[in-house]
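Structural overview for review
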Amino acid sequence: MWGGGFLWQWGVIDYAGGYVIHVSSGVAGFVTAYWVGPRLPKDRERFPPNNMLLMLTGAGLLWLGWSGFSGGAAFSAHIVSGLAVVNTHVCASMSMLTWTAMDVSFFGKPSVIGAVQGVMTGLVVVTPAAGLVPGWSALIMGLLAGSIPWWTMMVLHKRWWLLQKADDTLGVIHTHGVGGILGGICVGLFADPTLCKYMHVAREHTNGAFYGGNGGLQVLKQLVGALFIIVWNLIFALVILFAIGLITPLRLSEEHLLVGDDAEHGEEAYALWGDGEKIDGVKHPAPPLLQSLRSDALRHMPIAQQLCTSEQIQLLHSLAETCLYIILC
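Described in the following lines is the structure provided in the data block. (Residues numbered from 1 in each chain as written. Predicted model: local features only at pLDDT ≥ 70, side-chain atom pairs only at ≥ 80, totals over all residues. Heavy atoms only, no water.)

1. Let's talk about the packing of helix α2 (residues 18-36) against helix α11 (residues 215-247)
- At a closest axis distance of 8 Å, the pairing of α2 and α11 adopts a crossing angle of 40°. As judged from the angle between their axes, α2 and α11 are oblique. Every pair of crossing elements has a handedness; the one defined by α2 and α11 is right-handed. Contacts between α2 and α11 involve Y19, V23, S24, V27, A28, V31, T32 and W35 from the former and Q222, L223, G225, A226, I229, I230, N233, L234, A237, L238, L241 and F242 from the latter.
- Split into classes, the residues belonging to the contact of α2 with α11 amount to 15 nonpolar, 5 polar and no charged. (Axes fitted to C-alpha atoms, helices over the stretch in contact; angles between N-to-C directions. Helix = DSSP H or I, 4+ residues; strand = E, 2+ residues; numbered from the N terminus. Parallel < 35°, antiparallel > 145°, perpendicular 65-115°, else oblique. Left-handed = near helix turned anticlockwise from the far one by under 90°. Contact = heavy atoms within 4.5 Å. Nonpolar A, V, L, I, M, F, W, Y, C, P; charged D, E, K, R; others polar.)

Set out below in structure tokens:
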């Protein structure tokens, strides 16, 4: 695709890596998920985000960074780099709104995870086209980015046996694979002939189908380019996985999967209280002042039990002890 390769010479367009990065990662990720195998059933039943705030922080940083490589893909500060940044934000915003609207329409409530997914698909779809399409088409691309990957993830994935064979935890095949192909097709539809000429694409008189001329041929080139990249990454992902499998197993044993990180590394990622563990009162006795306050609190427990549930009382008790420990320290 890049560096004067035969797809570029033939006229396939990929402005900032929608094919090179996203279609490749979508296919390779799906193949790897299929090869490694699914998680344990209990881990697939419910897996909420580890940390919603960190997820939003990461999505915001990623969105910010996307401005850098969409604008920087023009390799100079001129009209195309500015247009690429604007189109990136327009498409991502429209996709986020569309995905959220789809969630509300079908599930009755908006979802923060869905909004982040919408941002991601919008950024992926605009990548191969950001500097080569006008602003109005970025709105249409955002609408498509928030609806088509949503449909493949929420509807098609549950009905097609091939997609169900792989435990694609983060939906990479939908976010990156489908999004990257969709963005490449949108280039074939909306590529502006003036912008293509300005960016010196390989073929002269290149434009999208909406501008007439040889635009229909450009759509065909984009489809053929996507198909080639899919096959290329399918083959080489299998070769890489086979080579790694000769050195180390690609899947843990069932026993290690049940235990988790502790079985592999001898440590837990999150050492949190609450899994039935209790602080040893002999090794870590409470200070006298805290013991006195605790006994006062226990005397008033019958009154509290009339006002709160046992879970709420336990939570308030833990918070109070934590605050007192901090004050005493």
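From this point, things continue past the structure.
2. Concerning the environment of V224
- On the secondary structure map, V224 appears in helix α11.
- You can call V224 partly exposed: its relative accessible area is 36%.
- Measuring from C-alpha to C-alpha, the distance between V224 and L7 comes to 9.2 Å, with 217 residues separating the pair along the chain. (Buried < 20%, exposed > 50% of the residue type's maximum accessible area, 1.4 Å probe, protein only.)

3. Focus on the packing of aromatic side chains
- The final tally for this structure, using the stated rule, is 8 aromatic pairs.
- Their ring planes at 85° and their centres at 5.7 Å tell us that W136 and F190 sit as a pair that is edge-to-face. Highlighted residues: W136 in helix α7 (residues 135-159) and F190 in helix α9 (residues 172-190), separated in sequence by 54 residues.
- Take F190: its relative accessible area is 3%, and that puts it in the buried class.
- Ring centres of F228 and W232 lie 5.8 Å apart, and the angle between their planes is 35°; on these two criteria the pair is classed as tilted. Highlighted residues: F228 and W232, both in helix α11, separated by 4 residues, approximately one helical turn.
- Overall, the relative accessible area of 46% leaves W232 in the partly exposed class.
- Through a chain of ring-to-ring contacts, three or more aromatic side chains come together here, namely F6, F228, W232 and F236.
- The positively charged end of K221 is found above the aromatic ring belonging to W10, 5.8 Å away from the centroid. (Phe/Tyr/Trp six-rings, centres within 6.5 Å; stacked < 30°, edge-to-face > 60°. Lys NZ or Arg CZ within 6 Å of the ring centre and 35° of its normal.)

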